[in-house]
Amino acid sequence: MLRHKLSTPDLSEVELRQALMRLGGGWLTGDAALAAIVLWSSGQFDTNAIAAVLTVREDAVCRTLAMARDGARADFLADVAEIGGSIPDAVVHHNPMATFASRGCPVGCWFCIVPKLEGKTFTLIPDFPVRPVLCDNNLSALPAEFQDHIIGRYRAAGVPLMDANSGFEPRTFDDEVFARWSTINVGPWRFAYDDQAERPFVERVMHMLRDVPSRKKRVYVLVGNEPMAACIERVREVIAWGGEPHVQPYMKLNALERKPHVRFDWSEQSLRDLARWSNRYLYKYTDFEGYQRSAKTSRPGERSADLFDQVPA
Ligand code: SF4
């Protein structure tokens, strides 16, 4: 039997339904939006699982939920559905190679959806199914003994860790963590370089990985959250330190459209240009200023598709 509860009342059902119908682009609409809200409200499904069940993108689920959380009435959908039970390991329906050994993240970065959706404390899943793609949000911040537990499970199962796809946090990635995960990680080392304050930590990590090939040092670089010069400097530093930057323009967590949030001296176009220049490895052939100048002569709309070029996250 289906049963649900929503926890953040404000809008009437009619208002919420009308709002959902207006949503397009990166949001779910109509029945899909209602289904996502009901599943999420059950407390039994994560956004990945909901996306898998509804065969939609996970970011669309997140934005729909954020909107609903901002304005849903407590008894909304009381006449629509009741939800119960659980679907453990739902991520396998989204990607049969993927698994989670933990959820949540205690760091609480203001631009990140994880603490808001999964919590500011870790939820550990000791009996997680061992699969080659490990999707945990912040492996290096997990308790050391639980990191050892994860690694032990992989070794016991004889399963290679092909991709720790949300990766490690520079502040907590030290020699001990590197040595620990080196025993099973055959994929890239993934980090984030989110703002200037992280420079010493990222630089230290890149130095630790100096003997690792560039293609195996993937650094997510958030841009648009600081002025252009500061963001471009971070991208260039990743390249100079021997890594491969993957630019991710900042979006507001409650964005109604799949567009970056333009701040400081950025424009939407300059954010797109930097993402394309970086994520398509164009920095190997031209500097960003040269790319920007030539980009102005490109066909209108040519670059829009890859603003959010995806890598596993
Ligand atoms: S960006 Fe990373 S470290 Fe920050 S809250 Fe999100 S998962 Fe945690």
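Residues numbered from 1 in each chain as written. Predicted model: local features only at pLDDT ≥ 70, side-chain atom pairs only at ≥ 80, totals over all residues.

Caption draft 1: A look at the overall build of the protein chain. If you tally the helices and strands in the protein chain, you get 11 helices and 8 strands. Contacts in the protein chain between residues far apart in sequence, at least 24 positions, make up 74% of those at least 6 positions apart. (Helix = DSSP H or I, 4+ residues; strand = E, 2+ residues; numbered from the N terminus. Contact = placed C-beta atoms within 7 Å.)

Caption draft 2: Highlighting helix 9 (residues 228–240). With 13 residues, helix 9 should reach 18 Å at 1.5 Å per residue; the first-to-last C-alpha distance of 18 Å fits that figure. What helix 9 keeps buried is the set Cys 231, Ile 232, Arg 234, Val 235 and Val 238. Projection of helix 9 onto a plane perpendicular to its axis shows the buried side chains occupying an angular sector of 150 degrees, all on one side. Looking at helix 9, the residues exposed on the side facing more than 90 degrees away from the buried face are Ala 229 and Ala 240. (Expected span 1.5 Å × (residues − 1). Buried ≥ 20, exposed ≤ 12 C-beta atoms within 10 Å, placed from the backbone. Arc of directions from axis to C-beta.)

Caption draft 3: Local environment of the site of the ligand. The full set of residues close to the ligand is Cys 105, Val 107, Gly 108, Cys 109, Cys 112, Val 114, Pro 115, Asn 137, Asn 138 and Glu 169. When grouped by side-chain class, the residues that make up the shell around the ligand number 6 nonpolar, 3 polar and 1 charged. (Near = placed C-beta within 6 Å. Nonpolar A, V, L, I, M, F, W, Y, C, P; charged D, E, K, R; others polar.)

Caption draft 4: Representation of helix 10 (residues 268–279). Between the first and last C-alpha of helix 10 there are 16 Å, a value that for 12 residues agrees with the 16 Å anticipated at 1.5 Å per step. With 10 of 12 residues buried, helix 10 lies mostly within the body of the structure. Of the positions making up helix 10, those classed as buried are Ser 270, Leu 271, Arg 272, Asp 273, Leu 274, Ala 275, Arg 276, Trp 277, Ser 278 and Asn 279. In the stretch just after helix 10, Tyr 281 is the one whose phi turns positive, near 60 degrees.

Caption draft 5: Examining the environment of Thr 47 more closely. You can see Thr 47 is positioned in helix 3 (residues 47–54). On the basis of neighbour count, Thr 47 is assigned to the buried category, with 23 C-beta atoms found within 10 Å. Along the backbone, Thr 47 and Arg 57 are 10 residues apart, and their C-alpha atoms lie at a distance of 9.3 Å. When neighbours within four sequence positions are excluded, Thr 47 is seen to be in contact with Glu 58, Val 61, Cys 62 and Leu 117.

Caption draft 6: The arrangement of the pairing of strand 6 (residues 189–193) in detail. Burial within strand 6 is extensive, with 5 of its 5 residues counted as buried. Burial along strand 6 is two-sided: the face carrying Trp 189, Phe 191 and Tyr 193 and the face carrying Arg 190 and Ala 192 are both buried. Across 5 bridges, the pairing between strand 6 and strand 7 (residues 217–223) is parallel. By the bridge assignment for strand 7, Ala 192 is matched with Tyr 220. Handedness of the β-α-β unit built from strand 6, helix 8 (residues 199–208) and strand 7 comes out right-handed. (Pairing = 2+ DSSP bridges. Right-handed = clockwise from strand over helix to strand, strands pointing away.)

Caption draft 7: Summary view of the sheet that holds strand 5 (residues 163–164). On the basis of which strands lie adjacent, the open sheet formed by 3 strands has the order 1-4-5 and parallel pairing. Two strands bound the open sheet, and with one partner strand each, they are strand 1 (98–99) and strand 5. Sheet topology places strand 1 next to strand 4 (residues 133–134); 2 bridges connect them, and they run parallel. Considered in strand 4, the bridge of Ala 98 is made with Val 133.

Caption draft 8: Structural detail: the sheet that holds strand 6. Here 3 strands make up an open sheet; going across it, the order is 6-7-8 and the pairing parallel. Two strands close off the open sheet at either side, each with one partner strand: strand 6 and strand 8 (244–249). Taken over all neighbouring pairs, the strand axes of this sheet differ in orientation by 25 degrees on average, direction set aside. As paired strands, strand 7 and strand 8 are joined by 6 bridges and run parallel to one another. (Axes fitted to C-alpha atoms, helices over the stretch in contact; angles between N-to-C directions.)

Caption draft 9: Molecular detail of the pairing of strand 8. Most of strand 8 is tucked away, with 6 of its 6 residues classed as buried. Going residue by residue along strand 8, you find Glu 244, His 246 and Gln 248 tucked away on one face and Pro 245, Val 247 and Pro 249 tucked away on the opposite face as well. Crossover handedness for the path strand 7 to helix 9 to strand 8: right-handed.

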